[in-house]
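# Inside the fold
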Amino acid sequence: MYQNKVTLIGFLGNDAEVRSNDNRSFTTLSLATKSSYKKDGKYVSHTEWHRCVVFGKKLGDFAATLKKGAHLQVEGELRSREYQPAKVGKKQPEKKTIWEIRVDSILKLDRAEKSGPEEQNAADEAHEEAAA
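The shown structure was predicted, so the numbers you read here are calculated from the model rather than taken from an experiment. (Residues numbered from 1 in each chain as written. Predicted model: local features only at pLDDT ≥ 70, side-chain atom pairs only at ≥ 80, totals over all residues. Heavy atoms only, no water.)

### Describing the pairing of strand β3 (residues 24-39)
Pairing analysis gives two bridges linking strand β1 (residues 6-12) to β3, with the strands arranged antiparallel. The residue bridging phenylalanine 11 from the neighbouring strand is alanine 32, located in β3. Note that strand β2 (residues 17-21) and β3 share five bridges and pair antiparallel. Looking at the pairing, serine 20 lines up with serine 25 of β3. With antiparallel pairing between neighbouring strands as the criterion, β2 and β3 make up a hairpin whose turn holds two residues, including aspartate 22 at a positive phi of roughly 55°. With 13 bridges joining them, β3 and strand β4 (residues 42-54) adopt antiparallel strand pairing. What sits directly across from serine 35, in β4, is histidine 46. Between β3 and β4, which follow one another and run antiparallel, lie two residues, and aspartate 40 among them has a positive phi close to 55°. (Pairing = 2+ DSSP bridges. Helix = DSSP H or I, 4+ residues; strand = E, 2+ residues; numbered from the N terminus.)

### Re the packing of aromatic side chains
Summed over all chains, the structure comprises one aromatic pair. Between phenylalanine 26 and phenylalanine 55, the aromatic rings sit 5.7 Å apart at their centres with planes inclined by 45°, giving tilted as the arrangement. Within this pair, whereas phenylalanine 26 is found in strand β3, its partner phenylalanine 55 is found in the loop between β4 and α1 (57-64), the two being separated by 29 residues in sequence. According to the relative accessible area criterion, phenylalanine 26 is buried, its value standing at 13%. The ring centre of phenylalanine 55 lies 4.3 Å from the NZ or CZ of arginine 24, which sits over that ring. (Phe/Tyr/Trp six-rings, centres within 6.5 Å; stacked < 30°, edge-to-face > 60°. Buried < 20%, exposed > 50% of the residue type's maximum accessible area, 1.4 Å probe, protein only. Lys NZ or Arg CZ within 6 Å of the ring centre and 35° of its normal.)

### So, the environment of leucine 31
Mapped onto the fold, leucine 31 is located in strand β3. A relative accessible area of 1% places leucine 31 in the buried class. Considering only alpha carbons, one finds leucine 31 and glycine 10, 21 residues apart in sequence, at a separation of 6.0 Å.

### Structural notes on a nonpolar patch on the surface
A contiguous nonpolar surface patch, about 250 Å² in accessible area, is contributed by Ile9, Leu107 and Leu109. Position of leucine 107 relative to the elements: it lies in strand β6 (residues 96-108). (Patch = residues over 30% accessible without salt bridge, like charges linked within 9 Å, V, L, I, M, F, W, Y side chains within 5 Å. Areas by Shrake-Rupley, 256 points an atom, 1.4 Å probe, with all protein chains shown as cover. Salt bridge = Lys/Arg side-chain N within 4 Å of Asp/Glu carboxyl O.)

### Section: the pattern of salt bridges
Enumeration over the complete set of coordinates arrives at six salt bridges. For the salt bridge of lysine 5 with glutamate 75, the shortest nitrogen-to-oxygen distance reads 4.0 Å. Of this pair, lysine 5 sits in the segment before β1 while glutamate 75 sits in strand β5 (residues 71-83), placing them 70 residues apart in sequence. Two residues, glutamate 100 and arginine 81, come together in a salt bridge whose shortest N-O distance is 3.0 Å. One end of the pair, glutamate 100, is in strand β6; the other, arginine 81, is in strand β5, with 19 residues separating them in the sequence. Residue classification places arginine 81 among the partly exposed residues on the basis of a relative accessible area of 35%. Counted as one network, the salt bridges with shared partners bring together Arg51, Arg81 and Glu100.

Quick look at the structure:
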């Protein structure tokens with residue numbers, strides 16, 4: 001049996017980008033994860049950037065609403081693909097390999113935004129009435 005499953009928890013570095021290629025729409029996310037280790041008695045921090053690609057109408061539409069700084073958990077499959085960079089001058093560059101996460105699910109980990117002051121006052125009054 002084989003398994004190719006990736007779970008990442010991190011923050012979006014940019015707003016989600018909706019693109020299309022060959023009449024197919026997809027959304028790309030740039031997700032940052034952080035790790036640290038101790039070296040010579042000091043902690044060294046390392047940030048890794050992951051390119052995440054979301055296909056499908058429902059999940060793609062949801063992903064398109066995500067903004068920079070959103071705290072997310074994404075699950076999917078690790079994929080590699082090759083592409084040919086644009087020719088520079090007379091020299092044709094070598095093919096490049098890119099690694100991506102093909103996303104199956106997204107869980108937004110951000111806390112719910114606080115309501116406006118008017119809504120908060122009404123909620124406090126309702127809570128006081130219920131307590132009385």
